[in-house]
Amino acid sequence: MKTDSRISGLTTMAADAVRDEVREHRAISWRGGKSSERTEKLAVEEPLEIRLAGRRFTLTMRTPGP
C-alpha cells in the first residue's frame, strides 16, 4: 500500500501539536453582580481539511493529540 507523504507529514505535525493542546488564558468571571479574574484552561483546536479524490470535501475543527 502506498503511503501519501502528506499523511506522514501530518503525523509529525500532530506530534508537535500535542505539546500545545491546552493553553491557559486569563478570564473575567461574573457572579452575584461582582467580577473576578481567574485563569481558564482552553483546548487548542486546529482546522482539519478532508479531501475526496483530491478535492476539498469539508473543513472541521479538531483537538490535536494522539
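Predicted model only: the values in this text are computed from it and were never measured. As a convention, each chain's residues are numbered from 1 in the sequence order in which they are written. Thresholds applied to this predicted model are a pLDDT of at least 70 for local features of residues and 80 or more for the giving and counting of side-chain atom pairs; totals over whole chains, interfaces and linings are not thresholded and use all residues. In computing side-chain values, all of the structure's heavy atoms are included and hydrogens and water are not.

Visitor: Is there a simple way to explain the overall build of the protein in this structure?
Guide: Secondary structure counts use DSSP, requiring at least four H or I residues in a row for a helix and at least two E residues in a row for a strand, with both numbered from the N terminus. On a plain count of helices and strands, the protein comes out with one helix and four strands. In the protein, the succession of helices and strands from N to C terminus is α-β-β-β-β. Buried, partly exposed and exposed residues are distinguished by accessible area as a fraction of the type maximum, computed with a 1.4 Å probe on protein chains only: under 20%, between the cut-offs, and over 50%, respectively. For the protein, with 66 residues in total, the buried portion stands at 8%. What makes two residues a contact is simply this: any of their non-hydrogen atoms within 4.5 Å. Taking the contacts inside the protein whose residues are at least 6 apart along the sequence as the reference set, 11% of them involve residues at least 24 apart.

Visitor: Looking at this structure, I do not really get the environment of E45. What am I missing?
Guide: Topologically, E45 is positioned in the loop between β2 (34-43) and β3 (46-52). Residue class for E45 comes out partly exposed when judged on its relative accessible area of 47%. Each C-alpha atom, one on E45 and one on P64, is 6.6 Å from the other, the two residues being 19 residues apart in sequence.

Visitor: For this particular structure, what's the right way to read a nonpolar patch on the surface?
Guide: Candidate patch residues must exceed 30% relative accessible area and have no salt bridge, after which like charges are joined if within 9 Å and Val, Leu, Ile, Met, Phe, Trp or Tyr side chains if within 5 Å. Only the protein chains shown count as covering a residue, and every accessible area follows the Shrake-Rupley method with a 1.4 Å probe. Basic side-chain nitrogens of Lys or Arg form a salt bridge, by our definition, when they fall within 4 Å of a carboxyl oxygen of Asp or Glu. On the surface, a nonpolar cluster with roughly 370 Å² of combined accessible area is contributed by L48, I50, L52 and F57. At three residues, β3 tops the list of elements feeding residues into the nonpolar patch. Looking at the element boundaries, F57 is found in strand β4 (residues 55-62).

Remember that the coordinates give geometry; whether it matters functionally is a separate question.
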